[in-house]
Amino acid sequence: MRRIDAVFARHKKPAFIGFTVAGDPDKETSIRAAMALIKGGTDILELGIPFSDPVADGPTIQKADERSLASGTTVDTVFDIVREIRKRSEVPIVFLVYFNVVCHRGIDRFYREAHEAGVDGILVADMPVEEADEVYKAALRNYIDPIFLITQTTSDTRIKKIAAKSRGYLYLVAVLGVTGVRDRVSSDALDLLKRVRKFTEVPLALGFGISTPDHAKTCAAAGADGVIVGSAIVDIISRNPQNPDAMERDLEAYVSEMKKAL
Amino acid sequence: MRKKGRYGKYGGQYVSETLMSALIELESAYDAIKRNREFIRNLAALQQEYAGRETPLTFCPNVSQELGCRIYLKREDLVHGGSHKLNNTLGQALLAKHMGKKRLIAETGAGQHGVATAIVGAALGMPVEVYMGEVDTKRQALNVFRMELMGAKVIPVTTGTRTLKDAINEALRDWVANVRDTYYLIGSVVGPHPYPLMVRDFQSVIGKETRRQVMKKEGRLPDTIVACVGGGSNAMGIFYPFVKDDVELVGVEAGGDGIETGKHSATLCAGEAGVLHGTLSYLLQNGDGQVLPTHSISAGLDYPGVGPEHSMHKDSGRVTYTAVNDPDVLAAFRFLSEKEGIIPALESAHAVAWVMKNADRFDRDDVVIINLSGRGDKDVAEVAELQGRVA
Ligand SMILES: Cc1ncc(COP(=O)(O)O)c(C=O)c1O
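Nothing here was measured: the structure is a model prediction, and the numbers come from that model.

**Q** Now, about the side chain of A:T42: what can you tell me, with residues and values included?
**A** All names here are of chain A. The residue T42 is located in the loop between helix 2 (27-40) and strand 2 (44-48) in this model. Here T42 falls in the buried class, since its relative accessible area comes to 5%. A polar contact of 2.7 Å, which involves the side chain of T42, links it to the backbone oxygen of L37. T42 has contacts with F16, G18, L37, V91 and V255, leaving out every residue within four places of it along the chain.

Here it is as structure tokens:
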């Protein structure tokens, strides 16, 4: 069974999906951060590939992208990071990437290299299903799960189209807006979960704005198959610039606390 | 590849999912309104009574004498607000109002598009917020004050390179968060479909008038039309009605310190295909697909992308794209001011500079039209400051 499918098949409880920007603040620390997330119990690891113009991201992840690029992260570095993690863990790895990075390397080459490094799924942030033919085919050809976003503004017709092309899980965006920590999980997010559920059997993970055990509980109670946490994790990494040991400890503790709430 | 919104292989809709419904809504609203008689009448009335169209096609006796050909200026500097930008904002703001949107947001580089959006916001009674790179708020301080005078809120952008590219990033982030009641009024032929199409349609008034005017004055089509290219809206506006004719079309990009120095904004001359701000087009990027910082003396051309239709014309060779460097631009800025008493915007001075540098190519009775996309008042303070450095 594919690694991502196995997570959702095995779990009775919702999955915890942790995001970090590859190479933030540098290659070595970033690998340690990823391993700490996995040690804490992260079920699926999302790795952001840093981009100069991350328009779907709020200030927290923008700054992580800047830190990563400033330390010299390239796409090759990101593949190295994946290979390092793969040596030590079988946790599913999903790329979050902006299309220009994929497009510039060559779509098929990018997906092939990702698969060879050990990546399981790829979500292209600025790739709506209407334009996705090429990346969809490249994904299937290279044993990568194509993952798509669904938001509050997605119509029912488009939900069906998107669900039909999705493998692994669907990423439901809990807010209207960019990534970043929010106070609470809105009722709109929970309504979205109910609405999408009508159309598909693909596991549904809620992300954007989720950061506390309370948020996680709310999502679990509403029937989410997974919660995705990004900015809160990036915050912990950025709070410990000189002290990777403390960073590891905090990340591990954070993930286990979130897992308990699920 | 999906055909919709494509210019050859370029264009498309590469945006995050939240914006797709807004683009679909925009596309169908625009499709419906562009044939609507009342809309056409309202827009024409505003263009005439409010914006001051049509703008003259001015023959320049002194410059023509000096350069040895027949030079005309299409006077977009005389449009209300001081540039061609109002042609587009009038059209899009009427559309936004028709769609029931409550708030306009825009990005701006030189401040001219911000000013043009502030103008329509005041005239049509809609609140306006303008994102502007912090670097640009300083070098175009006069335009910041003009926008504020007309009731717009200017939001300085402190991320990335703090210029036009980053202003667009922030405007897109705002739009994603407020997509239900906010209209994003893009200022050039860039962005996802249908923006490049819509902005080109609204700017084509420049070329349509030019065609009528030159036929009347010269009894024939011009030999050459020259326009500066930032995002490419003034160029597309004047080129479009001539694309099928035997007229040479020249787009002039910002060479900055020189393409070989890497400090420039000459996207079509030095870029490669890539995706930024929702569209596939030429892009200044590094080997890893990261967008490069740009430089130009003119804030309005300081952008690493360009409209997708230009990319198509570049590949087909229908339009010639070239670049001029900052010192030549400053010389042209002074030359046109001295010879004709017309102070061009630094953006437009790129087109003037190209004609000055290529005067040898033209015969006495060749007709050359320069799109004077804007007036230079906004640039006077910066040029005065630069006198010592570049002159
Ligand atoms: C006077 C003037 N010309 C040209 C431009 C460049 O834009 P575009 O290439 O879309 O005409 C600007 C942009 O700010 C401008 O103010």
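After that view, the rundown keeps rolling.
**Q** Which residues make up the interface of chain A and chain B, and what values do they have?
**A** Facing 37 residues of chain A, the contacting portion of chain B comprises 40 residues. Across the chain A/chain B interface, buried area totals approximately 2900 Å², and carbon plus sulfur atoms make up 50% of it. Summed over the three residues of chain A that lose the most area to chain B, namely A:D53, A:H104 and A:E131, the buried surface amounts to 21% of that side. Along the contact surface separating chain A from chain B lie four salt bridges. A salt bridge links B:R6 to A:E131; the nearest nitrogen and oxygen atoms lie 2.6 Å apart. Between chain A and chain B we count 20 residue pairs in polar contact (both at pLDDT 80 or more) in total. Going through the elements one at a time, helix 3 (59-70), helix 5 (99-105), strand 6 (149-150) and helix 8 (156-165) of chain A are the ones with two or more residues in the side of chain A that touches chain B.

**Q** So, unusual backbone geometry: which residues are in play, and what are the values?
**A** Residue and element names in this part refer to chain A. Cis peptide bonds are those with omega within 30 degrees of zero, and the linkage from D24 to P25 qualifies with -5 degrees. Structurally, the position occupied by P25 is in the loop between strand 1 (15-21) and helix 2. Backbone geometry places Y143, a non-glycine residue, at a positive phi of 60 degrees. Along the chain, the position of Y143 falls in the loop between helix 7 (133-141) and strand 5 (145-146). Note on Y143: relative accessible area 53%, which makes it exposed.

**Q** Give a description of the site of the ligand that names residues and reports values.
**A** Residue and element names in this part refer to chain B. Lining the immediate environment of the ligand, one finds 18 residues, of which S188, G232, S233, N234 and S373 sit closest. Residue G230 places a main-chain N or O atom 2.8 Å away from an oxygen atom belonging to the ligand. One of the backbone N or O atoms of G231 is found 3.2 Å from an oxygen atom in the ligand. The class makeup of the residues in the shell around the ligand is five nonpolar, eleven polar and two charged.

**Q** So what's going on with the sheet that holds strand 9 (residues 224-228) of chain B? Residues and values would help.
**A** Residues and elements named next belong to chain B. An order of 3-4-14-9-10-13 is seen for the six strands of this open sheet, with the pairing classed as mixed. Looking at which strands have only one partner, the edges of the open sheet turn out to be strand 3 (57-59) and strand 13 (319-325). The average angle at which neighbouring strand axes cross in this sheet is 25 degrees, direction not considered. Contacting strand 4 (70-75), strand 9, strand 10 (248-256), strand 13 and strand 14 (367-372), helix 15 (residues 346-357) runs over the sheet at an angle of about 140 degrees to strand 9.

**Q** Go over the pairing of strand 7 (residues 170-173) of chain A with me, naming the residues and quoting the values.
**A** Residues and elements named next belong to chain A. Because side chains alternate across strand 7, one face comprises the buried residues L170 and L172, and the other comprises Y171 and V173, equally buried. Bridge count for strand 6 against strand 7 is two bridges, and the pairing is parallel. Residue pairing in the sheet places I150 in a bridge with L172 of strand 7. Note that the unit made of strand 6, helix 8 and strand 7 has a crossover that is right-handed. Relative to strand 8 (residues 204-207), strand 7 runs parallel, the two being bridged by four bridges. When the bridges of strand 8 are listed, V173 appears paired with G207. Viewed along the sheet, the connection from strand 7 through helix 9 (residues 187-197) into strand 8 turns out right-handed.

**Q** Any details on the environment of B:M215? Residues and values, ideally.
**A** All names here are of chain B. Structurally, M215 is set in helix 10 (residues 205-218). For the pair M215 and D302, spaced 87 residues apart in sequence, the C-alpha separation works out to 35 Å. Discounting chain neighbours no more than four positions away, the residues touching M215 are R220 and L221.

Parameters at a glance
- Every chain's residues receive numbers from 1 upward, in the order its sequence appears when written.
- The naming scheme follows written order: chains are lettered A onward, ligands numbered 1 onward.
- Whole-chain, interface and lining totals are the exception, using all residues; otherwise, since this is a predicted model, local features are given only for residues with pLDDT of at least 70 and side-chain atom pairs are given and counted only at 80 or more.
- Computation of side-chain values: all heavy atoms of the structure, hydrogens and water removed.
- Think of it this way: any DSSP run of H or I at least four residues long counts as a helix, any run of E at least two long counts as a strand, and we number them from the N terminus.
- We call a residue buried when its accessible area falls under 20% of the maximum for its residue type, exposed when it is over 50%, and partly exposed in between, using a 1.4 Å probe and counting protein chains only.
- The definition of a polar contact used here is a pair of N or O atoms within 3.5 Å, where within protein one atom must be able to donate a hydrogen and the other to accept one, and adjacent residues in sequence count solely through side-chain atom pairs.
- Contacts between residues were defined by any pair of non-hydrogen atoms, one from each residue, lying within 4.5 Å.
- A simple way to read buried area is as the amount of 1.4 Å-probe accessible surface that goes missing from two parts once joined, with both sides added.
- For this document, the term salt bridge refers to a Lys or Arg side-chain nitrogen within 4 Å of an Asp or Glu carboxyl oxygen.
- Any residue with a non-hydrogen atom lying within 4 Å of a molecule or strand is treated as near it.
- When residues are sorted by character, Ala, Val, Leu, Ile, Met, Phe, Trp, Tyr, Cys and Pro go into the nonpolar class, Asp, Glu, Lys and Arg into the charged class, and all the rest, Gly among them, into the polar class.
- Should DSSP find at least two bridges between two strands, the strands are taken to pair.
- Axis definition: a line fitted to C-alpha atoms, over the contacting stretch in the case of helices. Angles run 0 to 180 degrees between N-to-C directions.
- With strands facing away from the observer, any crossover in which the path from the first strand over the helix to the second runs clockwise is taken as right-handed.

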